[in-house]
Amino acid sequence: MTLRITGGRVYDPANGVAGDVRDVCLSDGKVVDDAPAYATRIDARGMVVMPGGVDIHAHIAGPKVNAARRLAPEEHRGDVHERSAIMRSGTGGTVPSTFVTGYRYALLGYTTVVEAATPPLSARHVLAELRDTPIIDAAFLLLMGNNLALFDLIRRDPARVRDAVAWWLQATGGYGVKLVNAGGVERWKNGNGDVTSLDDDVAGVTPRQVLETIGGAVHDLGLPHPVHVHCNNLGVAGNWRTTLDTLKTLDGRRAHLAHIQFHAYGGRPGRRPRSKAPAIAEYLGDHPEVSADVGQVMFGPATTMTADAPVSALLRDVTGGKWVNHDTEVETGCGIVPFTYREKNYVHALQWGIGLELFLLSRDPWRLVLSTDHPNGGSFLSYPRLIRLLMDRDFRNDQLRRAHKKAIQSTVLLDDLDREYTLEEIAIVTRAGPARLLGLRDKGHLGPGADADVTIYDEREDREEMFATPRYVIKGGRVVVRDGELVDAPAGDLLRVAAGHDPAIEDVLREQFEERYSVEFDSYPVREPWLLEPARQVPAEPSA
Ligand SMILES: [Zn+2]
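Residues numbered from 1 in each chain as written. Predicted model: local features only at pLDDT ≥ 70, side-chain atom pairs only at ≥ 80, totals over all residues. Heavy atoms only, no water.

1. Remarks on the overall build of the protein chain
Where we set the bar: The secondary structure listing takes helices from DSSP runs of H or I that are at least 4 residues long and strands from runs of E that are at least 2 residues long, numbered from the N terminus. It is over C-alpha atoms that the radius of gyration is taken, and the globule rule equals 2.2 Å times the number of residues to the power 0.38. Residue contacts are defined here by distance: any two heavy atoms, one from each residue, within 4.5 Å place the two residues in contact. A positive count includes Lys and Arg, and a negative count includes Asp and Glu. His and the chain ends are not counted in either. By convention, charge coordinates are those of NZ in Lys, CZ in Arg, CG in Asp, or CD in Glu.
On a plain count of helices and strands, the protein chain comes out with 19 helices and 26 strands. Relative to the globule expectation of 24 Å for 544 residues, the C-alpha radius of gyration of the protein chain, 22 Å, shows essentially globular dimensions. Expressed along its principal axes, the backbone C-alpha trace of the protein chain runs to roughly 65 × 55 × 50 Å. In the protein chain, the proportion of contacts linking residues at least 24 apart, taken out of those at least 6 apart, comes to 76%. Distance between charge centres in the protein chain, computed from 62 positive and 74 negative side chains, equals 4 Å.

2. Brief notes about the sheet that holds strand β18 (residues 324-328)
Test applied: In this description, strands pair whenever DSSP reports at least two bridges between them. Here an angle of 0 to 180 degrees is reported between the N-to-C directions of two axes, which are lines fitted to C-alpha atoms, with helices fitted over the stretch in contact.
The antiparallel open sheet is built from three strands, whose spatial order is β17-β19-β18. Two strands in the sheet have a free side with no partner beyond their single neighbour: β17 (300-306) and β18. Within this sheet the neighbouring strands show an average axis-to-axis angle of 15 degrees, counted without direction. When β18 meets strand β19 (residues 332-341), the two strands line up antiparallel, connected through five bridges. Bridging across to β19, D327 finds its partner in G333. Taken strand by strand, helix α1 (residues 63-71) contacts β17, β18 and β19, and its axis lies near 40 degrees from that of β19.

3. Looking at the coordination of the zinc ion
Rule in force here: Counted as donors are N, O and S atoms no farther than 2.8 Å from the metal, or 3.2 Å for Na, K and Ca; water is not among the atoms, and sites may therefore look incomplete. With a 1.4 Å probe rolled over the protein chains alone, any residue whose accessible area is under 20% of its type maximum counts as buried; one over 50% counts as exposed, and the rest are partly exposed.
Taken together, the protein donors to the zinc ion comprise H57 (NE2), H59 (NE2) and D373 (OD), at separations of 2.1 Å. Taking relative accessible area as the criterion, H57 reaches 0% and is therefore assigned buried. Judged by relative accessible area, H59 falls into the buried class, the value being 4%.

4. A few points about the packing of helix α6 (residues 161-172) against helix α18 (residues 505-516)
Filter applied, for reference: Angles are sorted into four bins: roughly parallel if under 35 degrees, roughly antiparallel if over 145, roughly perpendicular if 65 to 115, and oblique for all others. Polar here means any residue outside two lists: the nonpolar Ala, Val, Leu, Ile, Met, Phe, Trp, Tyr, Cys and Pro, and the charged Asp, Glu, Lys and Arg; Gly therefore counts as polar.
At their nearest, the axes of α6 and α18 sit 10 Å apart, and the two run at 75 degrees to each other. By the criterion of interaxial angle, the relationship of α6 to α18 is roughly perpendicular. Seen from α6, the contacting residues are D163, A164, W167 and W168; seen from α18, they are I505, E506, L509 and F513. A breakdown of the residues in the contact of α6 with α18 according to their chemical character gives six nonpolar, no polar and two charged.

This is the structure we're talking about:
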């Protein structure tokens, strides 16, 4: 399949292209320099051409997502997705079924999504659901911040943690390493409350040791994506100090902070939070080794789902509604609470405002990228509205006037923060930046050799409308959306990392498994070929 997209305004920031009118040629699933005269043409005059969207942090597959689906049948009844010639039936809401997740991401122009929190023991479930999610290429991050076997290794033989991390990634098909409230989940599971500082003791280690050792292992292994950290004290007033302490602990090594909006609060624990977005934005600006996704809150329905089980327990106290809590043996925990963010609620409006502050104060869009931590801060379907908030000052000011007054007054949003994101900056925070932060060299750009993932939008003044309804979406060289309609739904690829380990680590881990796990060591690695293949392996590059 050879394709020439002609006459569109191209935004390809990784290659320094910002709105130039030029052709983009695709052949055999890749971007190429030129296409022969017989190539199929797409006339993109009056349209904007960008690489396919890349979501660096979302929750779309696995047991927690499935539990969230079961928890909210009313969402399914309210959003039935009918079968068509191309599409299988399913349900939507804040936690769509697998098929609908793939269709709706594609209809939004996204072609790559990272599932951000997989318990290693649940890798088979995550893989099965990702295989069931059409069109998008997907990778998943492995939860390692509350794993008792790793804690034991950190205590007794920290130098071998690197091999253990590599073994776990290989055994599961994972792409990268996620730390969620390091130590805090394990402590809470034992009825001892959450950790409050990085130096609290949890099963003989501290959150700081976990961050240092596993962060160091990820660095030494040269994984394409740095350690992906959900900091301790999520949502707690005053947690901005924990966030900065976490970064200091990582000591100049590369790190990606998840949904940093939830970790940018001033004030004192137990009191009303305040915004510390300016301080966090300044720190990010000064530290090129650190990146983050925002985790923007959007007003309306959401489903909070997190490995940070103590946070879920608190949220459940707030809502008084239904919830799920689930421990995964010695590896992690999880909580799910349906939630609605309201513009007249002080805390919700503050969270919304802090996210916008972080975006508008960001000095480097390559390192502060767009997410709602789907579906925690809101559905991925709200990205177009978020883009409009960033690009359209009048629209934003109008929304600011509706939100809780005191909350907005306590931010800097009313202090001449009149920045409007350009299309180039939007292309960075929604595709080029996330792809670069993930180390996905074939994604997020339109240079020769890149994957032929392309989104074409009608240029419209209403940016929400523009980004909600791409005219064409091309995935791996195949047109999957034409004139805003889904016309094809091929399977996406699994993206997994290839990192080597010393086989001797397996004897060490085998002992740990005999002592701690319900699963035999030999039965634990995913071996089912249909789950693991086809996949694209992205090599780790250890420094010499
Ligand atoms: Zn998340």
